Amino acid sequence: AQSVTQPDIHITVSEGASLELRCNYSYGATPYLFWYVQSPGQGLQLLLKYFSGDTLVQGIKGFEAEFKRSQSSFNLRKPSVHWSDAAEYFCAVGGIIQGAQKLVFGQGTRLTINP
Amino acid sequence: NAGVTQTPKFRILKIGQSMTLQCAQDMNHNYMYWYRQDPGMGLKLIYYSVGAGITDKGEVPNGYNVSRSTTEDFPLRLELAAPSQTSVYFCASSYTGTTSSYEQYFGPGTRLTVT
């Protein structure tokens, strides 16, 4: 069955520090992978996506993610976080699931930034 | 384009009342989805639709109903509201086609409290 695991429920980093959010997926075929960000009280905004080609993908707001098929991982990184990056981050895997186009989401990782 | 719009933004219901959450998209997407988001649980799919007149259940459909009479609109109906339906509800849409990447576009959400 398709699933996404985000092992870290809550992460705190200092402003200016580097960030890595972990995501592991389970999917039988070539995965379409996504990272979404949700600021407090807002909807979900797409940060970046991967479905083929270069395994290192660049997104908005200075984020990047690397697809590692051997590890079934799609970790999100940012070299230097800003206070405005405080939000909840969701990893998702997409594809044809039970005959229809769907996304399966991880539980989310809440990011807190210390000044 | 307005993208995906949802109304209302907030609502308080008494136990046993009914209401309809509205969702509309102006991107001519064939797929539409309803999710609920509970703290620490990620997003759970309630219902989805692959086009006008076609709907199907997701993971957590009990207590909800949907209809899709047009491509643009996908209302979610709560009958006999219960405290367990207190949540944030998100509507999303996506398209199929040769360039589809399964990306979903989200509305801003409706925060519902049942007391």
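Relevant structure appears above.
Residues numbered from 1 in each chain as written. Chains lettered and ligands numbered in written order. Predicted model: local features only at pLDDT ≥ 70, side-chain atom pairs only at ≥ 80, totals over all residues. Heavy atoms only, no water.

Things to note about the layout of surface pockets
Argument step 1. Here the largest pocket defines a volume of roughly 580 Å³.
Argument step 2. Around the largest pocket, the lining comprises 30 residues; the ones closest to its centre are Gln38(A), Gly41(A), Gln42(A), Gln37(B) and Arg111(B).
Argument step 3. Every element with two or more residues in the lining of the largest pocket is listed here: β10 (87-97) and β12 (109-114) of chain A together with β9 (87-94) and β11 (110-114) of chain B.
Argument step 4. Tallied by class, residues from the lining of the largest pocket come to 12 nonpolar, 13 polar and five charged.
Argument step 5. Looking at the second largest pocket, its volume works out to about 340 Å³. (1 Å grid on protein atoms, 1.4 Å probe; cavity = no way out; pocket = protein on both sides within 12 Å on 5 of 7 lines; lining within 4 Å. Points joined across faces, edges and corners; volume = space filled by probe spheres on them. Helix = DSSP H or I, 4+ residues; strand = E, 2+ residues; numbered from the N terminus. Nonpolar A, V, L, I, M, F, W, Y, C, P; charged D, E, K, R; others polar.)

Things to note about the state of the cysteines
The bond known as a disulfide is covalent and runs between the sulfur atoms of two cysteines.
Residue and element names in this part refer to chain A.
Argument step 1. Per the counting criterion, the structure on display carries two disulfides over all chains.
Argument step 2. The disulfide partner of Cys-23 is Cys-91, and the S-S distance across this bridge is 1.9 Å. A torsion of -65° about the S-S bond marks the disulfide between Cys-23 and Cys-91 as left-handed. One end of the pair, Cys-23, is in the loop between β3 (19-21) and β4 (24-26); the other, Cys-91, is in strand β10, with 68 residues separating them in the sequence.
Argument step 3. Look at Cys-23 and you get buried, because its relative accessible area is 0%.
Argument step 4. Cys-91 sits in the buried class, given a relative accessible area of 0%. (Disulfide = S-S within 2.5 Å. Buried < 20%, exposed > 50% of the residue type's maximum accessible area, 1.4 Å probe, protein only.)

Some words on the interface of chain A and chain B
Argument step 1. The partner chain B presents 22 residues to the 22 residues of chain A that form the contact.
Argument step 2. Overall, the association of chain A and chain B removes approximately 1800 Å² of surface from exposure, summing both partners, and the carbon and sulfur fraction of that is 58%.
Argument step 3. Contact with chain B buries surface across chain A, with Leu44(A), Gln101(A) and Phe105(A) losing the most and accounting together for 33% of the total.
Argument step 4. At the boundary of chain A with chain B, the tally comes to one salt bridge.
Argument step 5. We note a salt bridge from Glu103(B) to Lys49(A), for which the minimum N-O separation is 2.8 Å.
Argument step 6. Linking chain A with chain B are seven residue pairs in polar contact (both at pLDDT 80 or more).
Argument step 7. Those elements that place two or more of their residues in the side of chain A that touches chain B are β5 (32-38), β6 (44-50), β10 and β11 (100-105) of chain A.
Argument step 8. The biggest single contributor to the side of chain A that touches chain B is β11(A), with five residues.
Argument step 9. Classifying every residue of the side of chain A that touches chain B gives 11 nonpolar, nine polar and two charged. (Contact = heavy atoms within 4.5 Å. Buried area = accessible area lost by both parts, 1.4 Å probe. Salt bridge = Lys/Arg side-chain N within 4 Å of Asp/Glu carboxyl O. Polar contact = N/O pair within 3.5 Å; in protein donor to acceptor, adjacent residues only side chain to side chain.)

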